[in-house]
Amino acid sequence: MLTWQQTDQYYRDGHTVQPDFLSPDEVAAFIAEIDRIGDGNTLAHHDDTRMEMEPDQKPDGTLVRRIYEPCQHYEVFRNYAESDALLDEIQQLLGHNLIFHYSKINMKPGRVGSVVEWHQDLAYYPLTNRDSLAALLYLDDTTADNGCLQVIPGVQGEPLLNHTVDGYFQGRVTEPVDESTAVPVEGKAGTIIYMNCMTPHASITNTSDRPRRTLILSYRAADAYPLYCAEMTQSAPEETSYVIRGELADTARFTMTEFPIPRYKKKSKSLYELQEESRAG
Ligand SMILES: O=C(O)CCC(=O)C(=O)O
């Protein structure tokens, strides 16, 4: 369970970290499943309903950038997302009625692993309140040089940062970000990070030879209802969401008087592609 210092840090800073949350056997089982999923896929020939490849490689390159919705497709991840060890802690942060929202695995292979630019998750999927979080589980020892998560603490209660240009959603913050306040979150394989949906975060390219694989599971309080579910809204239209503990709420809880709706200029595969297109203008 989280200590009071950790829950305090989550409410104060918008994130908290717990080392050694996964056992070495759990990490090994996840890595074995990831290897199995990726096996036989190349940039030229891969299952694009299940994964996205690193674009900067030869057609026969095998580097995967992201595995989509692992909890929907692979039992080992779904069982873990439903485990009491994890839900008991999430309940400490979000209350006892919980919705599972979505999942992904960001692979960040050595030397090429893609950059993730500053963004706030709630910008992708507006909800009626901010009781939503991502649990990020490091599956490799993770430091600045293989692209650890960076967060800006203490701003989760403030208005959403601008993520638009000309009214269209860019998937990244488009106003200046004060990176002097950013904190790198390093950790050994097995570390878990709980991060509020309003916490600005980013990670740089992997400049090391080591991969930085991260399983990301997202949950929200049952009374945090989607405000908007269009085609490109994250995991719209609620395809992957279900009550994972407790009950569905009869009432939506509103804690904001207004919230920006992400309007997309064109369809893109993922955050990576959207941010790449945005950088290219
Ligand atoms: O993998 C990372 O470093 C950040 C993940 C993230 O923000 C995302 O995939 O939305």
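Above this text you will find the structure in question.
So, here's what we can say about the structure. Predicted model only: the values in this text are computed from it and were never measured.

### Regarding the overall build of the protein chain
Per the secondary structure count, the protein chain includes 6 helices and 14 strands. On C-alpha atoms alone, the protein chain measures out to a radius of gyration of 18 Å, which is about the 19 Å that the 2.2 N^0.38 rule sets for 281 residues. Counting all 281 residues of the protein chain, 54% fall into the buried class. For the protein chain, contacts bridging at least 24 residues in sequence account for 83% of all contacts bridging at least 6. Here the protein chain has roughly 12600 Å² of accessible surface; of this, 51% comes from carbon and sulfur atoms.

### Notes on the nonpolar core
One finds Phe77, Leu86, Tyr194, Leu217 and Tyr219 to be the most contacted residues of the largest nonpolar core, which totals 37 residues. Not counting residues up to four positions away in its chain, the partners in contact with Leu86 are Phe21, Tyr80, Ala81, Ile192, Tyr194, Leu217 and Tyr219. Grouped together as the second largest cluster of nonpolar side chains are 19 residues, Tyr125, Phe169, Tyr264 and Leu274 included.

### Remarks on the sheet that holds strand S10 (residues 183-185)
Read across the sheet, 4 strands follow the order S5-S12-S7-S10 without closing on themselves; strand pairing throughout is antiparallel. Unpaired on one side and paired on the other, strand S5 (116-119) and S10 mark the two borders of the sheet. For this sheet the average axis-to-axis angle between neighbouring strands, irrespective of direction, equals 25°.

### Description of the site of the ligand
The immediate surroundings of the ligand are formed by Arg66, Lys104, Asn106, Val116, His119, Leu149, His201, Ser203, Arg212, Ile216 and Leu271. In the model, an oxygen atom of the ligand is placed 3.1 Å from a nitrogen or oxygen of the His119 side chain. Considered on its own, the ligand offers 290 Å² of accessible surface; in the complex 98% of this is hidden by protein. Only strand S4 (98-106), S5 and strand S12 (201-203) provide two or more residues apiece to the shell around the ligand. Grouping the constituent residues of the shell around the ligand by class yields 4 nonpolar, 4 polar and 3 charged.

### Overview of the side chain of Arg220
Within the element layout of this structure, Arg220 appears in strand S13 (residues 214-221). A polar contact is formed between the side chain of Arg220 and the side chain of Glu238, at a distance of 2.7 Å.

### Regarding the packing of aromatic side chains
If you walk through the whole model with that rule in mind, you get 8 aromatic pairs. Residues Tyr102 and Tyr125 carry aromatic rings whose centres are separated by 5.8 Å and whose planes lie at 70° to one another, so their mutual orientation is edge-to-face. One end of the pair, Tyr102, is in strand S4; the other, Tyr125, is in the loop between S5 and strand S6 (132-138), with 23 residues separating them in the sequence. Residue classification places Tyr102 among the buried residues on the basis of a relative accessible area of 1%. The rings of Phe30, Phe77 and Tyr80 are connected pair by pair, giving a single aromatic cluster. Positioned above the aromatic ring of Tyr168, the side-chain terminus of Arg263 is 5.2 Å from the ring centre.

### Here we look at the pattern of salt bridges
Scanning all chains against the criterion turns up 17 salt bridges. Arg253 serves as the salt-bridge partner of Asp131, at 2.8 Å between the closest nitrogen and oxygen. Taken together, the residues Asp131 in the loop between S5 and S6 and Arg253 in the loop between strand S14 (242-245) and helix H6 (271-280) connect sequence positions 122 residues apart. A relative accessible area of 23% means that Asp131 is categorised as partly exposed. Because the salt bridges share partners, they merge into one network encompassing Glu52, Arg65 and Glu276.

### A few points about unusual backbone geometry
The backbone of Asp20 shows a phi angle near 55°, a positive value even though the residue is not glycine. With respect to the helices and strands, the residue Asp20 is situated in the loop between strand S1 (15-18) and helix H2 (24-38). In this structure Asp20 comes out as exposed when scored by relative accessible area, which is 63%. For Glu69, which is not glycine, the phi dihedral falls at a positive 40°. When you line up the elements, Glu69 lands in the loop between strand S3 (64-68) and helix H3 (70-73).

### Observations regarding a nonpolar patch on the surface
Taken together, Leu227, Phe254 and Ile261 make up a surface patch of nonpolar side chains, about 280 Å² in accessible area. On the secondary structure map, Phe254 appears in the loop between S14 and H6. Its relative accessible area of 56% is what places Phe254 among the exposed residues.

### Remarks on the packing of helix H1 (residues 4-13) against helix H5 (residues 84-94)
Contact pair H1 / H5: the axes reach a minimum separation of 10 Å and the direction vectors enclose 50°. Regarding the angle of H1 to H5, the classification is oblique. Of the two elements, H1 crosses H5, and the hand of that crossing is right-handed. Here Thr7, Tyr10 and Tyr11 of H1 come into contact with H5, specifically with Gln92, Leu93 and Leu94. When its residues are assigned to classes, the contact of H1 with H5 shows 4 nonpolar, 2 polar and no charged.

Rules used throughout
- Residues numbered from 1 in each chain as written.
- Predicted model: local features only at pLDDT ≥ 70, side-chain atom pairs only at ≥ 80, totals over all residues.
- Heavy atoms only, no water.
- Helix = DSSP H or I, 4+ residues; strand = E, 2+ residues; numbered from the N terminus.
- Rg over C-alpha atoms; globule rule 2.2 N^0.38 Å.
- Buried < 20%, exposed > 50% of the residue type's maximum accessible area, 1.4 Å probe, protein only.
- Contact = heavy atoms within 4.5 Å.
- Areas by Shrake-Rupley, 256 points an atom, 1.4 Å probe, with all protein chains shown as cover.
- Core = buried A, V, L, I, M, F, W, Y, C linked by side-chain atoms within 4.5 Å.
- Pairing = 2+ DSSP bridges.
- Axes fitted to C-alpha atoms, helices over the stretch in contact; angles between N-to-C directions.
- Near = heavy atom within 4 Å.
- Polar contact = N/O pair within 3.5 Å; in protein donor to acceptor, adjacent residues only side chain to side chain.
- Nonpolar A, V, L, I, M, F, W, Y, C, P; charged D, E, K, R; others polar.
- Phe/Tyr/Trp six-rings, centres within 6.5 Å; stacked < 30°, edge-to-face > 60°.
- Lys NZ or Arg CZ within 6 Å of the ring centre and 35° of its normal.
- Salt bridge = Lys/Arg side-chain N within 4 Å of Asp/Glu carboxyl O.
- Patch = residues over 30% accessible without salt bridge, like charges linked within 9 Å, V, L, I, M, F, W, Y side chains within 5 Å.
- Parallel < 35°, antiparallel > 145°, perpendicular 65-115°, else oblique.
- Left-handed = near helix turned anticlockwise from the far one by under 90°.

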